[in-house]
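Here is what each chain is made of, one letter per residue.
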Amino acid sequence: MGEFIPTELELIDVLCRVRGTDWERAVTRSNDGWLNNGRDGYKEFIKGFKNLREINQEYMRTAAQWKACSFSFILDQIRRSPKEDQFLLLELINRYKETAQVRLLDVVGAEWENVGENIRSLVKGTSEFLAADTEYQRIKAKFIHIANDSLSCRDMIGIPDNVRGLWWDFLGNTERREMCAVDEKSLVWRVLVSQELINRIHDIAIDQQQAAAPAADQEPKTPGRKEKLSMDVFMREIFPDMKLRFPDSKHVAGKKAYCETVGKAHGVSEKTIRDKFDTCNNDWGETM
């Protein structure tokens, strides 16, 4: 089977879910009554989350209006929006994606725990025990993969369409949860579509950086010429986006490729981008 490629309708769907999320209400809901949880990581992850400011509707239409628009129209609105609103939208999408991934760990963790309980009720060495142990190891490997690796497009392929395991509460607007329930496949779907949205919107930012670069920076570089990117330009045009994408760790999936792309756009090396990012973080008194 081929890799999972979101349709434009799916991209619009998730983008509207992102903009429609009431984070403060989701925090309250997570404390209401009983939740089906293995690790309860979702509840802990969103604890204390606040709603961010509204995106300026002078440039981007509302989520309800976007549902009736084409994806190319939406991208054009994002492209014409101030950088501050572009960064805000990226932050919202990334928060949504990470929350879905944490919830996915809860789902798989509970499945792993249930199989473990089943093993303990069986007689060691029997065919039933061996079958349960195989399943236990399979789910354990899946859990470790989700916890330690970035999900790829192929992660969607291994989940059958008819999987109907446990169902889980997830985010939503002021009145109700985003869906009455969410299963493993739908959470993987949210993570992968969100990542594609981040890629698309990030591409807009790169295009704008290239278009805004002085003409001299677009000229072919002569051999031996030392490339320079001022810290002022880095702080203004690159650092805010990088900080949103890589807030906590030096070593995360996609960071090297990101730095290479930005470096090429500014005529500097990938290491230069990494070094300037580390310097800015240290200047802010933050630990990488």
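Each value, and the rule that gives it
Residues numbered from 1 in each chain as written. Predicted model: local features only at pLDDT ≥ 70, side-chain atom pairs only at ≥ 80, totals over all residues. Heavy atoms only, no water. Core = buried A, V, L, I, M, F, W, Y, C linked by side-chain atoms within 4.5 Å. Buried < 20%, exposed > 50% of the residue type's maximum accessible area, 1.4 Å probe, protein only. Helix = DSSP H or I, 4+ residues; strand = E, 2+ residues; numbered from the N terminus. Contact = heavy atoms within 4.5 Å. Polar contact = N/O pair within 3.5 Å; in protein donor to acceptor, adjacent residues only side chain to side chain. Axes fitted to C-alpha atoms, helices over the stretch in contact; angles between N-to-C directions. Parallel < 35°, antiparallel > 145°, perpendicular 65-115°, else oblique. Nonpolar A, V, L, I, M, F, W, Y, C, P; charged D, E, K, R; others polar. Expected span 1.5 Å × (residues − 1). pLDDT = per-residue confidence, 0-100. Salt bridge = Lys/Arg side-chain N within 4 Å of Asp/Glu carboxyl O. 1 Å grid on protein atoms, 1.4 Å probe; cavity = no way out; pocket = protein on both sides within 12 Å on 5 of 7 lines; lining within 4 Å. Points joined across faces, edges and corners; volume = space filled by probe spheres on them.

Below, the discussion takes up the nonpolar core. Within the largest apolar cluster, 58 residues are counted, with the highest numbers of intra-cluster contacts made by Trp-66, Ile-78, Leu-89, Ile-93 and Phe-170. Going through the elements one at a time, helix H1 (8-20), helix H2 (23-30), helix H3 (41-46), helix H4 (63-66), helix H5 (71-80), helix H6 (83-120), helix H7 (127-148) and helix H8 (184-212) are the ones with two or more residues in this core. In terms of residues, this core owes the most to one element, H6, which gives 15 residues. When residues no more than four places from it in sequence are discounted, the contact partners of Ile-93 are Leu-15, Val-18, Ser-194, Leu-197, Ile-198 and Ile-201.

A separate point is the environment of Asp-275. Inspection of the secondary structure puts Asp-275 in helix H12 (residues 270-283). Separated by 2.7 Å, the side chains of Asp-275 and Lys-271 make a polar contact.

Bringing the packing of H1 against H6 into the picture now. Contact pair H1 / H6: the axes reach a minimum separation of 9 Å and the direction vectors enclose 100°. On the basis of their axis angle, the class for H1 and H6 is roughly perpendicular. Across the interface between the two elements, Val-14, Leu-15, Arg-17, Val-18 and Arg-19 from H1 touch Leu-89, Leu-92, Ile-93 and Tyr-96 from H6. Residues of the contact of H1 with H6, tallied by class, amount to seven nonpolar, no polar and two charged.

Once that is clear, we can look at H7. With 22 residues, H7 should reach 32 Å at 1.5 Å per residue; the first-to-last C-alpha distance of 32 Å fits that figure. Turning to H7, the residues buried within the fold contact H6.

On to the confidence of the model for the protein chain. Averaged over the protein chain, the pLDDT score is 79; the fraction of residues at 70 or greater is 80%. When pLDDT is averaged over each helix and strand of the protein chain, the minimum, 48, is found for helix H9 (residues 215-218) and the maximum, 93, for H1. Low pLDDT, under 50, characterises residues 215-219; the predicted model gives this stretch three contacts beyond four residues in sequence or across chains. Throughout residues 284-288 the model reports pLDDT below 50, and contacts reaching past four residues in sequence, or to other chains, amount to twelve contacts.

By the definition in use, this model includes 13 salt bridges. Between Asp-13 and Arg-17 there is a salt bridge, with its nearest N and O atoms 2.9 Å apart. Placement of both Asp-13 and Arg-17 in helix H1 is noted, with a separation of four residues, approximately one turn of the helix. Residue Asp-13 is classed as partly exposed on the basis of its relative accessible area of 30%.

What follows concerns the layout of surface pockets. Looking at the second largest pocket, its volume works out to about 660 Å³. Every residue lining the second largest pocket is counted, 26 residues in all, and those nearest its centre are Cys-16, Arg-17, Arg-19, Gly-20 and Thr-21. At the level of elements, H1 and H4 are the ones that each hand at least two residues to the lining of the second largest pocket. Looking at the lining of the second largest pocket, its residues break down into eight nonpolar, eight polar and ten charged.

On to unusual backbone geometry. Look at Leu-171: it is not a glycine, yet its phi comes out positive at around 40°. Topologically, Leu-171 is positioned in the loop between H7 and H8.

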